[in-house]
Each structure stands twice: as structure tokens, then as C-alpha cells.
Amino acid sequence: LAGAGERAVRARRDRLAAAAGRLHALSPVGALARGFAIPSGPDGRILRGAREFEPGSRFTLTVADGSVPCRVEEGPATPVET
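All values reported here derive from a predicted model rather than from experimental measurement.

Visitor: I keep staring at the pattern of salt bridges and nothing clicks. Help me out?
Guide: Between side chains of opposite charge, a pair can form as their charged atoms come close. In total, this model carries three salt bridges according to the counting rule given. A salt bridge links Arg 45 to Asp 43; the nearest nitrogen and oxygen atoms lie 3.8 Å apart. Overall, the relative accessible area of 45% leaves Arg 45 in the partly exposed class. The exposure class assigned to Asp 43 is exposed, which follows from its relative accessible area of 59%. Residues Arg 71 and Glu 73 are paired through a salt bridge, measuring 2.9 Å at the closest nitrogen-oxygen approach.

Visitor: What exactly am I supposed to notice about the sheet that holds strand E2 (residues 58-63) here?
Guide: Hydrogen bonds along the backbone pair up the strands of a sheet, which may run parallel or antiparallel. Taken in spatial order, the three strands of this open sheet run E1-E2-E3, and their pairing is antiparallel. At either end of the open sheet lies a strand with only one pairing partner, and these are strand E1 (38-40) and strand E3 (66-71). Pairs of neighbouring strands in the sheet enclose a mean axial angle of 25°, with direction left out of account. Of the strand pairs in this sheet, E2 and E3 are connected by six bridges, and their pairing is antiparallel. Paired with Val 63 across the bridge in E3 is Gly 66.

So, how was this worked out
- Residues numbered from 1 in each chain as written.
- Predicted model: local features only at pLDDT ≥ 70, side-chain atom pairs only at ≥ 80, totals over all residues.
- Heavy atoms only, no water.
- Salt bridge = Lys/Arg side-chain N within 4 Å of Asp/Glu carboxyl O.
- Buried < 20%, exposed > 50% of the residue type's maximum accessible area, 1.4 Å probe, protein only.
- Pairing = 2+ DSSP bridges.
- Helix = DSSP H or I, 4+ residues; strand = E, 2+ residues; numbered from the N terminus.
- Axes fitted to C-alpha atoms, helices over the stretch in contact; angles between N-to-C directions.

Printed below as a string of C-alpha cells:
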């Protein structure tokens, strides 16, 4: 009986660890750990499109280990097709 209980606990622990891994992979923190960054404007709003980066404007770039203050030097390049 003790062995069956230990196996059940181990199986549930493994399922929980797998679910936690999937959640981390889908989270913004997981994306940052993979090398992505999140730009946000002075008001904290996330900047999603090239048109939101006006020359001379400032924004913050959040990366895995912190954030970096930035300034746009030039206007947007040709949009990327998706």
C-alpha cells in the first residue's frame, strides 16, 4: 500500500512539473528567456507595431534580466509580411 501511495504521489508530481513547464513556455517570462523583448512606451503601454516608434521618441525595452531605456533614431523600415 505504501508503494502504491508513493507511485501515485510521484505520478502527480511529474504531471504537475510538466504542466508548470508548459505554462512557463507560454508565459511572457518564458518568451523573454528565449531572447524576445517587450517594448513599452513612456505610459507603460506595450508597443506592437513599427508605426508606434516615432523618430526621437523614447521607450523601454524589457528583456530577461531587466529593462533598457531606448530612443528611436530613425523611422520604421519596410514592414515585415506575416
